[in-house]
Amino acid sequence: MTAPFGRLITAQVTPFHSDGSLNLAEARRLAAHLVDVQGNDSLVINGTTGESPTTTDAEKLALLEAVIAEVGDRAKIIAGVGTFDTAHTSELAKQAEQAGAAGLLVVTPYYSRPPQDAVADHFVTVAEATELPIMIYDIPHRSGIPVETATLIQLGAHPRIVAVKDAKGQPVASAQVMKATGLAYYAGDDGMTLPLMAVGGVGVVGTSTHFTGQGTKKMINTFLAGDVAGAAKQNADLLGVFTGVFATQGCMLVKAGLAARGFTPGPVRKPLLDATAEQAATFVATLEALGL
């Protein structure tokens, strides 16, 4: 299976100043670290981990332009453009294309709970809005509904729908889609990276990969080289961070961990709250135990 966006992708957090405004300089600094040190092939900007529900369209554009300027020559920048409004999503897709994004991450339209024919129509409409390749984000526990297997197989026939960020946790169903289509499957849950690759997945769109990028990429390459036992050992070593980052909302703990490493990611925006001192200490201890 080809990997249109590479193997290792991180959904980057959005740094803010203490007053809550965008910190574009820190966004550029973090993007460079994720690409040049952690080894990411692509970055998702304006994803859920980037607090996209709380940023304006103008902020999304400014952030995207800043990161593309910093690392767009050595990594693919995927713009998160998903909303529950098809027209708005299409406009964000056009904005991202004009800014120079290499692809789009489009989540299932949430809250409205559209039926599957409407879900399919949503993705096709967005795919027709630009010339960019699309990664479908299938995450039922956030969107309220899955993209069902038959719908994914139908969408896989569209030339610009090329990948799935799979946070459904149903590898058998995912394998059925991969068998029937050319869709590239990326784990949307860090701990599912190796299990999903075992049935044909190509990599991960990660959260803990702000810290585990090097180790995760090593695990992926070990598996691809045919050393399944070695990859399983590497997965076991990283599992505490893969799962620990979601002890509360992932963005909160990533920002806490980055602050402990000398970055200045700033606060989260409400309705999120900054990680408590106890939550931050527990996560940082997990990172330190692995030398991260």
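Residues numbered from 1 in each chain as written. Predicted model: local features only at pLDDT ≥ 70, side-chain atom pairs only at ≥ 80, totals over all residues. Heavy atoms only, no water.

Caption draft 1: Representation of the overall build of the protein. In terms of regular secondary structure, the protein is built from twelve helices and eight strands. Relative to all contacts within the protein whose residues are 6 or more apart in sequence, the contacts with residues 24 or more apart total 71%. When the accessible surface of the protein is summed, it comes to about 11600 Å², and 55% of that surface belongs to carbon and sulfur atoms. The protein carries 20 positive and 27 negative side-chain charges, and their two centres are separated by 4 Å. (Helix = DSSP H or I, 4+ residues; strand = E, 2+ residues; numbered from the N terminus. Contact = heavy atoms within 4.5 Å. Areas by Shrake-Rupley, 256 points an atom, 1.4 Å probe, with all protein chains shown as cover. Lys, Arg positive; Asp, Glu negative; His and termini not counted. Charge placed at Lys NZ, Arg CZ, Asp CG, Glu CD.)

Caption draft 2: Region of interest: the environment of Ala-62. When you line up the elements, Ala-62 lands in helix H2 (residues 57-71). Ala-62 sits 40 residues away from Leu-22 along the chain, and the two C-alpha atoms are 8.8 Å apart. The contact partners of Ala-62, leaving out residues within four places of it in the chain, are Leu-22 and Leu-24.

Caption draft 3: Region of interest: the layout of surface pockets. The space that makes up the largest pocket amounts to roughly 570 Å³. Thr-48, Glu-51, Ser-52, Pro-53 and Tyr-110 are the residues nearest the centre of the largest pocket, which is lined by 28 residues in total. Put simply, the parts of the chain that give the lining of the largest pocket at least two residues each are H2, helix H3 (86-99), strand E4 (103-107) and helix H5 (140-143). In terms of residue count, the dominant contributor to the lining of the largest pocket is E4 (three residues). Taken together, the residues of the lining of the largest pocket break down into eleven nonpolar, twelve polar and five charged. In this model, the second largest pocket occupies a volume close to 380 Å³. Around the second largest pocket sit 29 residues that line it, and Tyr-137, Ile-139, His-141, Gly-188 and Phe-246 are the ones nearest its centre. Residue classes in the lining of the second largest pocket are distributed as eleven nonpolar, twelve polar and six charged. (1 Å grid on protein atoms, 1.4 Å probe; cavity = no way out; pocket = protein on both sides within 12 Å on 5 of 7 lines; lining within 4 Å. Points joined across faces, edges and corners; volume = space filled by probe spheres on them. Nonpolar A, V, L, I, M, F, W, Y, C, P; charged D, E, K, R; others polar.)

Caption draft 4: Quick look at the environment of Gly-213. Within the element layout of this structure, Gly-213 appears in helix H9 (residues 209-224). Spatially, the C-alpha atoms of Gly-213 and Leu-34 are 7.7 Å apart, while their sequence positions differ by 179 residues. Excluding its chain neighbours within four sequence positions, the residues that come into contact with Gly-213 are Leu-8 and Gln-38.

Caption draft 5: Structural detail: the environment of Pro-267. By secondary structure assignment, the location of Pro-267 is in the loop between helix H11 (250-260) and helix H12 (277-289). Remark: the alpha-carbon pair of Pro-267 and Ala-256, spanning eleven residues in sequence, is separated by 9.0 Å. If we ignore the near neighbours within four places in the chain, the residues touching Pro-267 are Phe-16, His-17, Ser-18, Glu-51, Lys-255 and Asp-274.

Function-wise, these values are silent; they only describe arrangement.
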